[in-house]
Amino acid sequence: MSRHPVTTAARTEAPVTTTYREALREAHRDALRSDPRVFLLGEDVGRYGGSFAVSLGLLEEFGEERVRDTPLSESAFTGAGIGAALRGLRPIVEIMTVNFSLLALDQIVNNAATLRHMSGGQLSVPLVIRMTTGAGRQLAAQHSHSLEGWYASIPGIRVLAPATLEDARGMLAPALADPDPVVIFEHGSLYNLSGTLPVDPVAVDISTAAVRRSGTDVTLIAYAGGLGKALEAADALATEGISAEVIDLRVLRPLDDATITASVSRTHRAVVVDEAWRTGSLAAEVVARIVEQAFYELDAPVERVCGAEVPVPYPHHLEEAALPQVVDVVAAAHRAVGARA
Amino acid sequence: MTEELFVELFTGLLREMIRIRRFEETCAELYSATRIRGFLHLCIGEEAVAVGVVGALSDVDAVVSTYREHGHALARGVPMEAVMAEMFGRSTGCSGGRGGSMHLFDATRRFYGGNAIVAGGLPVAVGLALADHLTSDPAVTVCLFGDGAFAEGEFHESANLAALWHLPVLFCCENNRYAMGTALAREHAATDLATRAAGYGMVAWAVDGMDVLAVREATERALAYVRDSGQPCFLELRTYRFRAHSMYDPDRYRSKDEINRWKELDPIPALAARLVDQELMPAHDVEQWMAGVEGEVDAEIAAAVAAADAAPLEPVEHLTRFVTTEPGDARPGVRAS
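Position numbers for residues start from 1 in each chain and track the written sequence from start to end. Chains and ligands are labelled by the order in which they are written, letters from A for the one and numbers from 1 for the other. Note on the predicted model: pLDDT of at least 70 is required for a residue's local features to be given, and 80 or more for side-chain atom pairs to be given and counted; whole-chain, interface and lining totals, by contrast, use all residues. Side-chain calculation: all heavy atoms of the structure are included, whereas hydrogens and water are not.

1. Here we look at the pattern of salt bridges
Oppositely charged side chains can form a pair if their charged atoms are brought close together.
Residue and element names in this part refer to chain B.
Point 1. A pairing counts as a salt bridge when a side-chain nitrogen of Lys or Arg comes within 4 Å of a carboxyl oxygen of Asp or Glu. Per the counting criterion, the structure on display carries 41 salt bridges over all chains.
Point 2. Between Glu300 and Arg19 there is a salt bridge, with the nearest N and O atoms lying 2.9 Å from each other. Placement of Glu300 in helix α12 (residues 283-310) and of Arg19 in helix α1 (residues 3-32) is noted, with a sequence separation of 281 residues between them.
Point 3. Burial status follows relative accessibility: with a 1.4 Å probe on protein chains alone, a residue under 20% of its type maximum counts as buried, one over 50% as exposed, and anything between as partly exposed. Residue class for Arg19 comes out buried when judged on its relative accessible area of 9%.
Point 4. We note a salt bridge from Arg22 to Glu25, for which the minimum N-O separation is 2.5 Å. Taken together, the residues span about one helical turn, with Arg22 and Glu25 both in helix α1 at a distance of 3 residues.
Point 5. Judged by its relative accessible area of 22%, Arg22 falls in the partly exposed class.
Point 6. Classification of Glu25 by relative accessible area gives partly exposed; the value is 22%. Numbered from the N terminus, helices here are DSSP runs of H or I no shorter than four residues, and strands are runs of E no shorter than two.

2. Quick notes on the domain arrangement of chain A
All names here are of chain A.
Point 1. Partitioning chain A into domains gives domain 1 (16-197) and domain 2 (210-338).
Point 2. Annotation comment: domain bounds sourced from an automatic or database domain assignment. Relative placement of domain 1 and domain 2: their C-alpha centres are 26 Å apart.
Point 3. Taken residue by residue, the interface counts 32 residues in domain 1 and 23 residues in domain 2.
Point 4. The term buried area denotes the loss of accessible surface (1.4 Å probe radius) that occurs when two parts are joined, taken as the sum for both partners. Buried area between domain 1 and domain 2, summed over both chains or domains, comes out near 2,200 Å², and the portion from carbon and sulfur atoms is 57%.
Point 5. For domain 1, the biggest contributors to the area lost against domain 2 are Gln138, His145 and Ala161; these three give 24% of the whole.
Point 6. Linking domain 1 with domain 2 are 2 salt bridges, by the criterion used here.
Point 7. Asp167 serves as the salt-bridge partner of Arg250, at 2.7 Å between the closest nitrogen and oxygen.
Point 8. Here a polar contact is taken to be a pair of N or O atoms separated by no more than 3.5 Å, where protein atoms must pair a possible hydrogen donor with a possible acceptor and residues adjacent in sequence count only if both atoms sit in side chains. Counting every contact that joins domain 1 to domain 2 gives 16 residue pairs in polar contact (both at pLDDT 80 or more).
Point 9. Counting only elements with at least two residues in the side of domain 1 that touches domain 2, the list comes to α6 (148-151) and β6 (158-160). Should any heavy atoms of two residues lie within 4.5 Å, those residues are counted as being in contact.

3. Observations concerning the side chain of Asp167(A)
All names here are of chain A.
Point 1. Among the structural elements, Asp167 can be located in helix α7 (residues 165-170).
Point 2. Residue Asp167 is classed as buried on the basis of its relative accessible area, which comes to 2%.
Point 3. Not counting chain neighbours up to four residues away, the residues in contact with Asp167 comprise Pro162, Val204, Arg212, Asp248 and Arg250.

In structure tokens, the structure reads:
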């Protein structure tokens, strides 16, 4: 059940043009303004303005105590966020990329996700950890991996992946209101995504998947950087008379089984798009759940479009080849639809 | 200080060390009898650190500890019954039975574990102190860890961060000379840990960790310094564990001679001797008093074991409780700022 129901009140003011990056920044500004317990810490979040410029200008507005530059000590500053959260504050820890978060994995897995249970419910860790994920910018193998599926396997944390301006703007507030740790993955290719948003933020939930496009013939399931590709693939399929429904997972843990199952029960075919490596991926989990929960609704084997099992290479053509592309999603949908009984 | 106050201080420290020693000995027996399971790490020999450090704290201070933390928890005032019930995996345990020996928690006493990842508690301690700093709370966060943790990156990251941000953390390195089975000189290129910690711009010094009076005095000085300056401080408490690393450890890596030499420094008889040497109590009175304390402590332990034995197990239906917060869950660990 949604803890943060979507607000549908009509807006009167004209929408504003913005970007994913600016939407995230506004969400931070709101949080810092409205709650004195909130503070941001991470590498280069202050004077540099954020390595992806999300926090640009926040130091000037909120000062060094609340926008804290940290040393390159992922484990210590993530753990410091955990400790401050234990004490009742609402820290936002920014880790530059998911690749670097491996240096903080002990704190995230062994402490943030574990302390509540291990203490018999005595402790709460109301912490938000944000990090960039994903490839597509020729940054090679140590800056391009999609490890969010690993995090999605950990009990005790909530995992979010905003793929739209609305979610970039709206997910932080409910994440901060969550009494447990929330990890937010921002896909590196999305920061410059532009569009319009209402002047007043629209409340979003952090518990459900969203149907981004309705369709009847096949369900394309994607998240983060994969959503745009799935939507493009749906456009292409529409020109051929194939009606694709597109689901944005949004919440990678806990997965919204109901939305996925309901869609597949209508379309009877599914394609899961995931930039991460296929083996043991989030896509594998989604497929397993479809098979467990909607096996008799399926008219075709579930398709997966995943990243190639290779450390992401630097040259553009090889990187492109390693990642799911629109044409791959279309081809998978063709296979699914072609296998119709 | 008057003579009466000295006697009160000495006997208070001695009593608490005896209490921890007897508790640990009982745990070893209960482990052999398969009543306690999992890993069990005893602090026998290191009681002066638990009593000298933790006993010097005030209620507002926080403690972050390791998996060898029974003594720290008892010295912090976590009820013995709750600690024993935790070892038995009972729902009345101080962590609801979910943690066991290595994960003792007591949020109301600001005892934050019970961390079994070596050095894993240190960043959390820095964060607790950061929250105190941000909310102008005068508390000090004390984190206890061993010489093994000093080799972990998390120690060095945490020491740097606490010093850089001027946070009220008291780092207490319980140097018992072995990282599990690896001797200090085989794990550290430079074995003077206090000197190395001072390299982070912290006040740091080494203390005889077998002398509870020295540990107590150093801790009081360090706490006063941290409270007054808002800066972190580092104590290296040189101590020794008389028992093996854990109940699984055959203790092949050190000689009986070495162990026996350290046993001559046993903090309990050492303090008892000082009562006599400083003419605070005649030898015969000390013996009698100690026998009395042992009787009282044994009765407390027996009651704790009986209570743990009689305590309920958590119903299996509650298996997934406390993984995430459920509607209506109390959140006693979180204090509004």
